[in-house]
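# Notes for the structure review
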Number of protein chains: 2
Amino acid sequence: MEHTEHTTTVDASQSIVWELLADIESYPSLFSATQSVTIVEGSPEYQLAELVVDVSGELQSWTTRRDLDAALGVIKYRQLQTAPLVQHMGGEWRALPLGPNRTQLVLTHDFAAKQESEDGAKVAGKYSSEEAHQLLADAVENNSVAHLAAIRDVCERRAEVTAAAGTA
Amino acid sequence: MEHTEHTTTVDASQSIVWELLADIESYPSLFSATQSVTIVEGSPEYQLAELVVDVSGELQSWTTRRDLDAALGVIKYRQLQTAPLVQHMGGEWRALPLGPNRTQLVLTHDFAAKQESEDGAKVAGKYSSEEAHQLLADAVENNSVAHLAAIRDVCERRAEVTAAAGTA
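Everything numeric here is computed off the predicted structure, so don't read it as measured data. (Residues numbered from 1 in each chain as written. Chains lettered and ligands numbered in written order. Predicted model: local features only at pLDDT ≥ 70, side-chain atom pairs only at ≥ 80, totals over all residues. Heavy atoms only, no water.)

## Structural notes on the relation of the copies chain A and chain B
Turning chain A through 180° and shifting it by 0.0 Å along the axis lays it on chain B, with an RMSD of 0.0 Å. Expressed as a symmetry operation, the mapping of one chain copy onto the other fits a two-fold axis. When the interface residues of chain A are mapped onto chain B, 100% of them again fall at the interface, so both copies present the same face. (Least-squares fit on C-alpha atoms with pLDDT ≥ 70 in both. Contact = heavy atoms within 4.5 Å.)

## Describing the environment of A:Ser13
All names here are of chain A. Turning to its location among the elements, Ser-13 is positioned in the loop between β1 (2–10) and α1 (14–22). For Ser-13, a relative accessible area of 14% gives the class buried. Each C-alpha atom, one on Ser-13 and one on Thr-34, is 26 Å from the other, the two residues being 21 residues apart in sequence. Each residue touching Ser-13, except ones within four places of it in the same chain, is listed here: Pro-100, Asn-101, Arg-102 and Thr-103. (Helix = DSSP H or I, 4+ residues; strand = E, 2+ residues; numbered from the N terminus. Buried < 20%, exposed > 50% of the residue type's maximum accessible area, 1.4 Å probe, protein only.)

## With respect to the interface of chain A and chain B
If you look at the interface, chain A gives 16 residues, while chain B gives 16 residues. Counting the contacts that link chain A with chain B gives 2 salt bridges. Between A:Glu92 and B:Arg102 there is a salt bridge, and its shortest N-O distance comes to 3.0 Å. Applying the counting criterion to the chain A and chain B interface returns 10 residue pairs in polar contact (both at pLDDT 80 or more). Elements with a minimum of two residues in the side of chain A that touches chain B: β1, β6 (86–97) and β7 (103–113) of chain A. Per element, the largest residue contribution to the side of chain A that touches chain B is 5 residues, and it comes from β1(A). By residue class, the composition of the side of chain A that touches chain B is 6 nonpolar, 6 polar and 4 charged. (Salt bridge = Lys/Arg side-chain N within 4 Å of Asp/Glu carboxyl O. Polar contact = N/O pair within 3.5 Å; in protein donor to acceptor, adjacent residues only side chain to side chain. Nonpolar A, V, L, I, M, F, W, Y, C, P; charged D, E, K, R; others polar.)

## As for helix α1 (residues 14–22) of chain B
Think of an α-helix as turning once every 3.6 residues; residues three or four places apart then point the same way. With respect to burial, α1(B) is a largely interior element, 7 of its 9 residues being buried. For α1(B), the full list of buried residues reads B:Gln14, B:Ile16, B:Val17, B:Trp18, B:Leu20, B:Leu21 and B:Ala22.

## What about the pairing of strand β6 (residues 86–97) of chain B?
All names here are of chain B. Across the 12 residues of β6, 9 count as buried, placing the element largely inside the fold. Summarising the sheet, strand β5 (residues 74–81) and β6 pair through 5 bridges and their orientation is antiparallel. Note that in β6 the partner of Arg-78 across the bridge is Gly-90. The hairpin formed by β5 and β6 contains 4 residues between the paired strands. (Pairing = 2+ DSSP bridges.)

## With respect to the sheet that holds strand β2 (residues 34–42) of chain A
Across a sheet, paired strands are connected by hydrogen bonds in the backbone, their directions being either parallel or antiparallel. All names here are of chain A. Taken in spatial order, the 7 strands of this open sheet run β1-β7-β6-β5-β4-β3-β2, and their pairing is antiparallel. Edge strands, defined here as strands with exactly one partner in the open sheet, are β1 and β2. Looking at each pair of strands side by side, their axes are set apart by 20° on average, direction ignored. Contacts from α1 reach β1, β3 (46–55), β4 (58–69), β5 (74–79), β6 and β7 within the one sheet, and its direction differs from that of β6 by about 155°. (Axes fitted to C-alpha atoms, helices over the stretch in contact; angles between N-to-C directions.)

Below, the structure is given as structure tokens:
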């Protein structure tokens, strides 16, 4: 299992960042690869959601479970039905206050790719174990950077609107 | 000016992490390249410290100013007298609570390398502007990963000792 952590500072209040992170149905408007998100079950504490995502030009879908701890600012997620290359995919979104108008946004991943079977069958019909791991690791790296930037940009625009409204 | 952020999760309370971050005189025991740290001026809110550091086999020294915000868990630092390659070097150490025994440790850098002069004189007598930038960027990357890991390891050992003492 590989563990990664990515982070960025957001010039917006923790509540603005938390509200966007918790709103999984807004993710298709944030992340260009995410085609649709359907909440199958939901409460303030957890969500089961089905995602359809464009992975290198191929539509894939999986189900994710998210446990939300609003007091801590942490959303724990893990794929229940996994994507074709994925043995395990989980981690946390974290929104930690750095003062009234600044937030540390963190995204962690714990992941493992599927392995070739003992009789030599390739992963997803075409990849060696090493290739599957590398593809997954590259996707985690690229998506982490892109997703943090997308959330930061939307939150900072919302913070500007909020600040402008406050001084109007 | 380039901005970078590195982070790691520490399985220790925020107070354990904060106490170590604030104790700049302990840094030579944490970071193998740091030969000595002398506090020139100090208070609970700020420190002026002179560091002697082994930079690629060459001893360099500089003075750093650190502003400590214990309530926020943030130490802002910047070099006053800079190292030979450095035009600007500053950033923040952040220790943000993730529950009673878990902490998000973050290290940010804002930096710029010196440039060749208009009459073509090299940086530190031997580097082009691009080489100086790359050397500094590589040092920031390598040191960030190493420093976060060193602090995490010491804090997690202290947390184990604290937990063991608590159950004795």
